[in-house]
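# Secondary and tertiary structure notes
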Amino acid sequence: MRSVADQSVAELGGRLSVLARQKGDHVELDGLLQRLRASSHEEQLPVLLDLYRLVFPHAFAEETVLWPVMRRVLPDGEELTLQVEQEHQEVNELVTRLERLELGSPEREAALQRLDEVLREDVRDEEDELFPRLQERVPVSQLRLLGIAWEVVSRVAPTRAHPIVARRPPGNVIAALPLTILDRSRDRLDAIRLRGAGPAGGALHAVSAGLTRAAHAVEHLPAMRRGEDPSTRVDPKPGTPWGLLAAGALVAVAAPVVLARRRRS
Ligand SMILES: [Fe+2]
Ligand SMILES: [Fe+2]
């Protein structure tokens, strides 16, 4: 078995193949991790935003499109995919922690260091083991079809950490639409704020924080955890008021839209 890292695009099945697309994203990830390491505390924020927008849709599409196929075609597919799902789960938990830690604190630096390690381990497991095994089992034509499906899903997938949502269908598929809307709205607001929004920065930060709370409320809904393996499960706190949280989520989603319309009229 040859690692995907040592194969040319033609050997991987051409540009459309899921293996070539994966390798391209992994190279981009390596560049972002290098930039992150070279950044000062303040400079880390826009780099992290780019990293989240690459990593989370990428992993979501793996979990919904690729790993179910690996489980079908490989006798040890269950074991192999569970290992990478556990790595993805750790990334989700680390990023959720990072967002609560103060810039420059030792705990944050340690979390960043671990994030770098887990992301690199995930890439090695996929390129050296999972993908060569997939390559042995499925024809190039199917690798191309998987590439198209993976690309389509990754373009509409959530872009932020959601540790409570299942790492497997059907929970993650049910969660995708509401979380994508919330995450991508938050991405836009945060990008404007980080470019320098002047006095509006505080308001943008407040709306972004509201969207984060709304996303956390949505991910706590029990349907979002369906299909989860116990080893990647994070149980929410008992006695969570689902109705109240869901209503809060709806208000948080609707508020920016209503405000934007009012401003236009
Ligand atoms: Fe990957
Ligand atoms: Fe991955």
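Structural notes, computed from the coordinates.

Quick notes on the rules
- Residues numbered from 1 in each chain as written.
- Chains lettered and ligands numbered in written order.
- Predicted model: local features only at pLDDT ≥ 70, side-chain atom pairs only at ≥ 80, totals over all residues.
- Helix = DSSP H or I, 4+ residues; strand = E, 2+ residues; numbered from the N terminus.
- Buried ≥ 20, exposed ≤ 12 C-beta atoms within 10 Å, placed from the backbone.
- Core = buried A, V, L, I, M, F, W, Y, C linked by C-beta atoms within 7 Å.
- Domains from an automatic or database assignment.
- Contact = placed C-beta atoms within 7 Å.
- Axes fitted to C-alpha atoms, helices over the stretch in contact; angles between N-to-C directions.
- Parallel < 35°, antiparallel > 145°, perpendicular 65-115°, else oblique.
- Left-handed = near helix turned anticlockwise from the far one by under 90°.
- Nonpolar A, V, L, I, M, F, W, Y, C, P; charged D, E, K, R; others polar.

## Describing the overall build of the protein
Per the secondary structure count, the protein includes eight helices and zero strands. Starting at the N terminus and ending at the C terminus, the protein contains elements arranged as α-α-α-α-α-α-α-α. By the burial criterion, 34% of the 265 residues in the protein qualify as buried.

## Considering the nonpolar core
In this structure, L19, V55, F56, L66, W150 and V218 are the most contacted members of the largest nonpolar core, which totals 49 residues. Put simply, the parts of the chain that give this core at least two residues each are α1 (18-38), α2 (44-73), α3 (77-98), α4 (106-137), α5 (140-155), α6 (171-196) and α7 (201-219). Here this core takes twelve residues from α2, the largest share from any one element. Residues from two domains meet in this core; each of domain 1 (4-157) and domain 2 (172-264) gives at least three. Not counting chain neighbours up to four residues away, the residues in contact with V55 comprise L29, V91 and L119.

## Quick notes on the packing of α1 against α2
Viewed as axis vectors pointing N to C, α1 and α2 meet at an angle of 155°, and their least axial separation amounts to 10 Å. The orientation of α1 with respect to α2, classified from their angle, is roughly antiparallel. The handedness of the crossing between α1 and α2 is left-handed. On α2, the residues touching V18, D25, E28, L29, L32, R35 and L36 of α1 are Q44, V47, L48, D50, L51, L54, V55, H58 and L66.

## Some details on the packing of α2 against α3
It is at 10 Å that the axes of α2 and α3 come closest, and there the two elements cross at 160°. Here α2 is positioned roughly antiparallel relative to α3, judged by the angle of their axes. The way α2 lies across α3 gives a crossing that is left-handed. Of the residues in α3, those in contact with Y52, V55, A59, E63, W67, M70, R71, R72 and V73 of α2 are G77, E78, L80, T81, E85, H88, V91 and V95. Here the contact of α2 with α3 is composed, by residue class, of nine nonpolar, three polar and five charged.

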